[in-house]
Amino acid sequence: MAELIAREGLVAVVGLGQTGLSAVRFLRQLGYAVSVFERDPNAAGVRVLRERYPEVQLHTGEWDVRQLCEASQVLLSPGVPRAHPFIQAALQQGVPVSGDVSWFARYALRPIIAVTGSNGKSTVVSWLAHVLTAVGVEAQAGGNIGIPVLDLLSMPEPGVYVLELSSFQLESLEGMKPVVATVLNVSPDHMDRYDSVAAYTLAKQRIYRGAQHAVINRADPLTQGLLAQTTRVQSFGLDVPDLGQFGLEIEDGERYLCRGATRLCSTRDLALKGDHHICNALAVLAVVEAFGVPSEAVMASLKTFRGLPHRCQVAGSINGVLCYNDSKGTNVGATIAAITGLGPHHRCQGEPGLVLLLGGQGKGADFSALIPAITAQVRAVVTFGESSAVLAEVLSGSVPVTTVLTLDDAFDVALGVAQAPGAVLFSPACASFDQFRNFEDRGDRFMALVAAVSA
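Residues numbered from 1 in each chain as written. Predicted model: local features only at pLDDT ≥ 70, side-chain atom pairs only at ≥ 80, totals over all residues. Heavy atoms only, no water.

**Quick notes on the overall build of the protein chain**
Along the backbone of the protein chain there are 17 helices and 20 strands. Relative to the compact-globule value of 23 Å for 455 residues, the protein chain shows a C-alpha radius of gyration of 23 Å, a close match. C-alpha atoms of the protein chain, sized along the principal axes, occupy 75 × 50 × 40 Å. In the protein chain, buried positions account for 56% of the 455 residues. A sequence separation of at least 24 residues applies to 63% of the contacts in the protein chain between residues at least 6 apart. (Helix = DSSP H or I, 4+ residues; strand = E, 2+ residues; numbered from the N terminus. Rg over C-alpha atoms; globule rule 2.2 N^0.38 Å. Buried < 20%, exposed > 50% of the residue type's maximum accessible area, 1.4 Å probe, protein only. Contact = heavy atoms within 4.5 Å.)

**Considering the packing of aromatic side chains**
Summed over the entire model, instances satisfying the criterion amount to 13 aromatic pairs. An angle of 80 degrees between the planes, with centres 6.3 Å apart, marks the rings of Phe26 and Trp103 as edge-to-face. With Phe26 in helix H2 (residues 18-29) and Trp103 in helix H6 (residues 100-107), this residue pair connects regions lying 77 residues apart in the sequence. Just as Phe26 is buried, Trp103 falls in that class too. (Phe/Tyr/Trp six-rings, centres within 6.5 Å; stacked < 30°, edge-to-face > 60°.)

**Remarks on the sheet that holds strand E17 (residues 354-359)**
One open sheet accounts for 6 strands, arranged E15-E16-E20-E17-E18-E19; its pairing is mixed. Whereas interior strands pair on both sides, the edge strands pair on one side only; in this sheet they are strand E15 (313-318) and strand E19 (401-403). Shown here is a sheet whose adjacent strand axes are inclined to one another by a mean of 20 degrees, direction ignored. Inspection of the sheet shows strand E16 (residues 321-325) paired to strand E20 (residues 423-426) by 4 bridges, in the parallel sense. What sits directly across from Asn325, in E20, is Phe426. Running at roughly 150 degrees to strand E18 (residues 378-384), helix H15 (residues 388-395) makes contact with E17, E18 and E19 of the sheet. The sheet strands contacting helix H16 (residues 407-417) are E15, E16, E17, E18, E19 and E20, and the helix crosses E18 at an angle near 160 degrees. (Pairing = 2+ DSSP bridges. Axes fitted to C-alpha atoms, helices over the stretch in contact; angles between N-to-C directions.)

**Quick look at the environment of Leu150**
Positionally, Leu150 belongs in helix H8 (residues 149-152). Note on Leu150: relative accessible area 3%, which makes it buried. Sequence separation between Leu150 and Ala23 is 127 residues, and the spatial gap between their C-alpha atoms is 6.5 Å. Setting aside anything within four residues of it in sequence, one finds Leu150 in contact with Ser22, Ala23, Phe26, Leu75, Asp100, Trp103 and Phe104.

**Points about the environment of Tyr256**
Looking at where Tyr256 falls in the secondary structure, it is placed in strand E13 (residues 254-259). Separated by 102 residues in sequence, Tyr256 and Leu358 place their C-alpha atoms 33 Å apart. Excluding residues that lie within four positions of it along the chain, Tyr256 makes contacts with Gly247, Leu248, Glu249, Glu251, Arg263, Cys265, Ser266 and Thr267.

**A few points about the pairing of strand E14 (residues 262-266)**
Here E13 pairs with E14 via 4 bridges, running antiparallel. Counterpart to Arg259 in the pairing with E14 is Thr262. Between E13 and E14, which follow one another and run antiparallel, lie 2 residues, and Gly260 among them has a positive phi close to 60 degrees.

**A short note on H16**
Listed as buried for H16 are Leu407, Ala410, Phe411 and Ala414. Projected onto a plane normal to the axis of H16, the buried residues spread over an arc of 100 degrees and lie on a single side. Seen from the buried face of H16, the exposed residues on the opposite side, beyond 90 degrees, are Asp412 and Gly416. (Arc of directions from axis to C-beta.)

**Side note on the nonpolar core**
In this structure, Val24, Leu27, Phe104, Met176 and Ile207 are the most contacted members of the largest nonpolar core, which totals 46 residues. If one sorts the elements of this core by residue count, H2 sits on top with 5 residues. Ignoring sequence-local partners within four residues, the contact set of Leu27 consists of Val11, Val13, Tyr32, Val34, Leu75 and Trp103. Val115, Ala129, Leu272 and Val287 belong to the second largest nonpolar core, which has 43 residues in total. (Core = buried A, V, L, I, M, F, W, Y, C linked by side-chain atoms within 4.5 Å.)

**Remarks on the sheet that holds strand E5 (residues 97-99)**
Each strand in a sheet pairs with its neighbour through backbone hydrogen bonds, running either in the same direction (parallel) or in the opposite one (antiparallel). Taking strand neighbours across the sheet as the criterion, the 5 strands line up as E3-E2-E1-E4-E5 in an open arrangement whose pairing is parallel. With one partner strand each, in any of the chains shown, strand E3 (57-60) and E5 form the two edges of the open sheet. The sheet shows a mean angle of 25 degrees between the axes of neighbouring strands, taken without regard to direction. Both strand E2 (residues 33-38) and E3 contribute to a ladder of 4 bridges, which runs parallel.

**Examining unusual backbone geometry**
The linkage connecting Ala420 with the following residue, Pro421, adopts the cis geometry, with an omega of 5 degrees. In this model, Ala429 sits at a positive phi of 65 degrees, which is unusual for a non-glycine residue. Inspection of the secondary structure puts Ala429 in the loop between E20 and helix H17 (439-454).

**Thoughts on the packing of helix H7 (residues 121-134) against helix H11 (residues 275-291)**
Contact geometry for H7 and H11: axes closest at 10 Å, N-to-C directions at 50 degrees. Classified by the angle their axes make, H7 and H11 are oblique. As H7 runs across H11, the sense of the crossing is right-handed. Within the contact between the two elements, H7 uses Thr123, Val124, Trp127, Leu128, Val131 and Leu132 and H11 uses His277, Asn280, Ala281, Val284, Val287, Val288 and Phe291. Split into classes, the residues belonging to the contact of H7 with H11 amount to 10 nonpolar, 3 polar and no charged. (Parallel < 35°, antiparallel > 145°, perpendicular 65-115°, else oblique. Left-handed = near helix turned anticlockwise from the far one by under 90°. Nonpolar A, V, L, I, M, F, W, Y, C, P; charged D, E, K, R; others polar.)

**Quick notes on empty space enclosed by the protein**
Empty space among the atoms becomes apparent when a probe as large as a water molecule is rolled across them. This structure, assessed with the given rule, holds 1 cavity of 30 Å³ or more. In this structure, the largest cavity encloses a volume near 50 Å³. Leu76, Ser77, Pro78, Val80, Gly99, Asp100, Phe168, Gln169, Glu171, Ser172 and Arg193 are the residues that line the largest cavity. Taken together, the residues of the lining of the largest cavity sort by class into 4 nonpolar, 4 polar and 3 charged. (1 Å grid on protein atoms, 1.4 Å probe; cavity = no way out; pocket = protein on both sides within 12 Å on 5 of 7 lines; lining within 4 Å. Points joined across faces, edges and corners; volume = space filled by probe spheres on them.)

Dropping the structure here:
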């Protein structure tokens with residue numbers, strides 16, 4: 001294989017983050033000659049590359065298109081937009097550009113379940129792996145969550161790959177034929193990268209290309225896209241479902257997960273609470289059935305899944321006030337889902353009971369979309385970080401807003417305002433990179449703040 005591949009020429013890896021390093025490992029294992037383009041000469045991946053792969057050509061600083069076009073093909077890291085002039089110049093010269101998921105699809109020998117969405121995709125991917133493994137189908141999660149897809153190919157083969165895919169990965173996706181693909185929801189995100197919501201949506205909908213089954217959200221037309229006539233469609237939603245679809249039925253105030261007219265369980269039986277998690281559970285059931293496992297078979301494990309850190313995670317209770325860590329709420333849609341999912345459970349004498357902590361890097365988001373949910377469910381807002389003043393300006397008049405500098409300050413203010421049985425909800429609607437390494441680091445700080453007061 002090595003001699004045949006060598007005649008195909010050089011593969012250029014553009015971007016040297018976690019995905020770029022996994023691409024270099026994968027390509028070198030196959031015998032490809034590799035060059036790497038990374039603007040930041042001090043990036044962590046540069047040191048690793050020089051230590052482990054000294055034979056690989058490394059280009060840092062300003063990129064030269066002529067050097068890129070020496071490659072027979074480009075493997076583009078998701079952090080670099082396909083619309084970047086450097087990449088567009090290569091395409092104009094006829095150099096093929098694809099991403100790590102396309103390469104994964106060429107070599108993966110097991111079925112693929114592919115999941116994307118603006119919100120909830122990490123939870124759904126982990127929930128799917130949990131319920132499928134529980135019924136004897138070994139499921140390996142990866143992609144935008146945890147393990148880069150190309151690293152999965154060096155691990156023992158599972159029964160099915162369950163991939164979380166971001167819009168960035170989907171921009172350059174070609175050739176994947178998932179058994180099941182789903183877009184859980186679409187709300188504006190990464191507007192600092194896309195010139196419109198339509199462009200972002202089209203990137204998400206690329207996940208359906210070649211899919212045998214598509215699972216769509218009935219309440220969100222943007223999840224549906226243009227599907228091939230041969231693609232079978234399954235749906236989920238919080239309304240009463242049609243025959244064979246998944247949804248909710250209400251009787252005497254009790255809500256039930258249903259497949260058509262068949263009740264599967266009460267929503268109270270789920271370990272995860274909130275309407276957003278109920279919707280995630282229905283998506284899991286729809287995907288599992290589309291994959292070929294009866295929904296009834298996974299009900300026990302569906303109920304026991306307890307979610308992921310930093311996703312509406314209970315951080316603790318302080319004087320009867322629950323504190324929720326939703327640091328993964330890095331966009332407006334995620335924060336709206338958290339507010340509407342938790343708000344009804346924390347009313348104070350019929351009035352809104354949530355105190356909401358917002359702030360960080362706004363990524364060009366339209367924060368005005370938060371106003372209806374905040375007006376209905378939030379008692380007060382505390383803003384912090386880079387987007388603090390912008391958030392305060394947008395939300396002023398709809399709810400009392402306090403502006404501070406740091407998350408620590410915001411938490412102190414929130415504790416002074418919150419009352420039982422209300423709650424403090426840390427769901428920032430922004431990226432974390434103004435003050436933290438990532439959303440996990442930010443969430444860990446919030447957990448520590450709660451622990452210090454509740455201890």
